[in-house]
Amino acid sequence: RMVEEEIETTAATFLDREAYDPASFIATLDAIVPLEGELTVEQVESMTVDEVVDAATDLAEERYDALEDAAGEPIQRLLERMVVLQTIDQLWVQHLTAMDEMRQGIGLRAYGQADPLVAYKREAHDMWDQFLENLRSAVARQIFHARIASGTPAPTPPCQR
């Protein structure tokens, strides 16, 4: 579902009537789902936005099924968990740092005749929404490109003194 939402967001960004840029849409979509030339600028230009989203979603599902077949379902689930947990770990630290910075500066809102508690709640909610959006985007962009390395790890060199 995260990939589908990211495709929809990308289409809304680049295929809007005012900001129509199919080449950038294809480039961005290729960073999410390896297109391998199956969806071109010419095809995008000849379709409606909904048709483009459907075609890109179908292509993403095909790519995902191919990954799952190649790796096996248990390995793919493990890979998904690893990608999600690693992404949450990275973004959570950033989120907490940003929350701390916002908390430190929220007292200045009282000078601007704004209730600091209301401002804190509103900004914290906005930051949470941004965290969830960043999580969705990062996971969607990594899931088709992540691989589990097989084999034995390289030996560590002995400590030299």
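Here, the structure is the one placed above.
This section reports on the structure supplied with the text. (Residues numbered from 1 in each chain as written. Predicted model: local features only at pLDDT ≥ 70, side-chain atom pairs only at ≥ 80, totals over all residues. Heavy atoms only, no water.)

Brief notes about the overall build of the chain
Next up, step 1: For the chain, the count of helices and strands is six helices and zero strands.
Next up, step 2: Taking 15 Å as the expected radius of gyration for a compact globule of 161 residues, we find that the chain reaches 21 Å, considerably beyond that expectation.
Next up, step 3: With the C-alpha coordinates of the chain rotated into their principal frame, the extents come out at 65 × 60 × 30 Å.
Next up, step 4: For the chain, the residues scored as buried account for 30% of the 161 residues in total.
Next up, step 5: Considering only contacts within the chain whose residues lie at least 6 apart along the sequence, 62% involve residues at least 24 apart. (Helix = DSSP H or I, 4+ residues; strand = E, 2+ residues; numbered from the N terminus. Rg over C-alpha atoms; globule rule 2.2 N^0.38 Å. Buried < 20%, exposed > 50% of the residue type's maximum accessible area, 1.4 Å probe, protein only. Contact = heavy atoms within 4.5 Å.)

Side note on the environment of S46
Next up, step 1: With respect to the helices, strands and loops of the structure, S46 is situated in the loop between α3 (41-45) and α4 (49-71).
Next up, step 2: Given a relative accessible area of 60%, S46 falls into the exposed group.
Next up, step 3: Side-chain polar atoms of S46 contact the backbone oxygen of Q43, separated by 2.9 Å. (Polar contact = N/O pair within 3.5 Å; in protein donor to acceptor, adjacent residues only side chain to side chain.)

Regarding the packing of helix α1 (residues 2-14) against α4
Next up, step 1: Contact pair α1 / α4: the axes reach a minimum separation of 10 Å and the direction vectors enclose 145°. The way α1 lies across α4 gives a crossing that is right-handed. Between α1 and α4, the contacting residues are V3, E4, I7, E8 and A11 on the first element and V49, V53, A56, T57 and A60 on the second.
Next up, step 2: Looking at side-chain class alone, the contact of α1 with α4 contains seven nonpolar, one polar and two charged residues. (Axes fitted to C-alpha atoms, helices over the stretch in contact; angles between N-to-C directions. Left-handed = near helix turned anticlockwise from the far one by under 90°. Nonpolar A, V, L, I, M, F, W, Y, C, P; charged D, E, K, R; others polar.)

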